Amino acid sequence: VDECGRLWVLDTGTVGIGNTTTNPCPYAVNVYDLTTDTRIRRYVLPAVDTNPNTFIANIAVDIGKNCDDAYAYFADELGYGLIAYSWEQDKSWRFSAHSYFFPDPLRGDFNVAGINFQWGEEGIFGMSLSPIRSDGYRTLYFSPLASHRQFAVSTRILRDETRTEDSYHDFVALDERGPNSHTTSRVMSDDGIELFNLIDQNAVGCWHSSMPYSPQFHGIVDRDDVGLVFPADVKIDENKNVWVLSDRMPVFLLSDLDYSDTNFRIYTAPLATLIENTVCDLRNNAYGPPNTVSIPKQAVLPVGPPLYTKQYRPVLPQKPQTSWASSPPPPSRTYLPANSGNVVSSISVSTNTVGPAGVEVPKAYIFNQHNGINYETSGPHLFPTLQPAQSGRQDGGLKT
């Protein structure tokens, strides 16, 4: 949904998956006016903008000076391209001559929910748009799915149909996020905070775009090794509430989904609450050197009363810190480890255990031990933390 009250819906025209995929209908985008609940436009992508491998995974909508100055960008995951569509011209064009749209051959191995699998062909997938910069354009950030790296390009380039073949050097490669950091979805707030799913970690990460794009400036805003198995989509609404959908998709595709369990969830929480005391909360940190594609520094987030009362999980004095270590592939392809000893069921997630320094930590954290990820819940923070006022405020993650 864009800020003009229009809902953009992609019709892939696709049936099947893998070798069974067919396209009985052409790719099209349908746009609805939410004030009247009517479709106001259907645009069919011309054949020149797709190829036999095309599989469009995401849409990003860019609103400029007014509602007619609108562009949509389509990520062609398997056809390795980026399609731009102009609302005013009712016309589209394709950027395809760029290696940044392709997967990284070293990043095709995935571990999700104890399942090891390879998605080595997955190209450009998740996209986010920055706030409008001083030149009047935004920055589009994107990542291939089989990659740990983020890339960026100005929408000044994407809006120009004449630049489809000669814009290679206008794209920027940022640093890698670090191990176990495949991502399919990202979104940026109007003050430059990017959230992205981390499908290997059952988590949602963050980055403030005024900081360099390097691992020490990436934080974890929430992690749940039961409820956030494959957090497929992340959105921020006009009230700065974060919405996350999780669906356990790799379990459905590659293993046996337990239909007696809860497999689909929607979570929500205020953005300010999620980033509090993380590296993305600039109230706690000194500004670092600017990134080559960073936006101007924004005002700090206001401190206000909590917008909710229900507590999702026990209060932690600090956000969990993450360290990665290599490990052999998981011993089996089952969704959860075999029940032995005190291993927690995927259905029972309310029982907590006492971790370091007496801090109660959800037992669900143990599941990612199969991926070689260890959690430090009481270690030192990377930056000095802001000591909140003693007002009875509760901290927590995403809330169902």
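Structure's up top.
A few points on the structure. A quick note: this is a predicted structure, and the numbers were derived from the prediction, not measured. (Residues numbered from 1 in each chain as written. Predicted model: local features only at pLDDT ≥ 70, side-chain atom pairs only at ≥ 80, totals over all residues. Heavy atoms only, no water.)

1. A word on the packing of aromatic side chains
Part 1 of the argument: On inspection of all chains with the given rule, the structure shows 17 aromatic pairs.
Part 2 of the argument: With a centroid separation of 4.5 Å and 40 degrees between ring planes, the pair formed by Y43 and Y85 is classed as tilted. Highlighted residues: Y43 in strand β3 (residues 38-44) and Y85 in strand β6 (residues 81-86), separated in sequence by 42 residues. Comparing Y43 with Y85 shows no difference in burial state: the two are buried.
Part 3 of the argument: Note on F110 and F117: the rings are 5.5 Å apart at their centroids and 10 degrees apart in plane angle, and the pair reads as stacked.
Part 4 of the argument: Within the aromatic cluster, the residues linked to one another by ring pairs are Y100, F101, F142, F151, Y168 and F171.
Part 5 of the argument: Directly above the aromatic system of W87 lies the positively charged group of R6, at a separation of 4.7 Å from the ring centroid.
Part 6 of the argument: In this structure, R41 packs its charged tip against the face of W87, placed 3.7 Å from the ring centre. (Phe/Tyr/Trp six-rings, centres within 6.5 Å; stacked < 30°, edge-to-face > 60°. Helix = DSSP H or I, 4+ residues; strand = E, 2+ residues; numbered from the N terminus. Buried < 20%, exposed > 50% of the residue type's maximum accessible area, 1.4 Å probe, protein only. Lys NZ or Arg CZ within 6 Å of the ring centre and 35° of its normal.)

2. Examining the pairing of strand β16 (residues 203-208)
Part 1 of the argument: Of all six residues making up β16, six are buried, and the element is well covered by its neighbours.
Part 2 of the argument: Neither face of β16 is left uncovered, since the one carrying A203, G205 and W207 and the one carrying V204, C206 and H208 both have all their residues buried.
Part 3 of the argument: Between strand β15 (residues 193-198) and the antiparallel strand that follows it, β16, lie four residues; N202 among them carries a positive phi value of about 55 degrees.
Part 4 of the argument: The pairing of β16 with strand β17 (residues 218-223) spans five bridges and is classified as antiparallel. Paired with C206 across the bridge in β17 is G219. (Pairing = 2+ DSSP bridges.)

3. Here we look at the side chain of S209
Part 1 of the argument: Residue position: S209 is located in the loop between β16 and β17.
Part 2 of the argument: Among the polar contacts made by the side chain of S209, one reaches the main-chain carbonyl oxygen of G192 at a distance of 2.8 Å. (Polar contact = N/O pair within 3.5 Å; in protein donor to acceptor, adjacent residues only side chain to side chain.)

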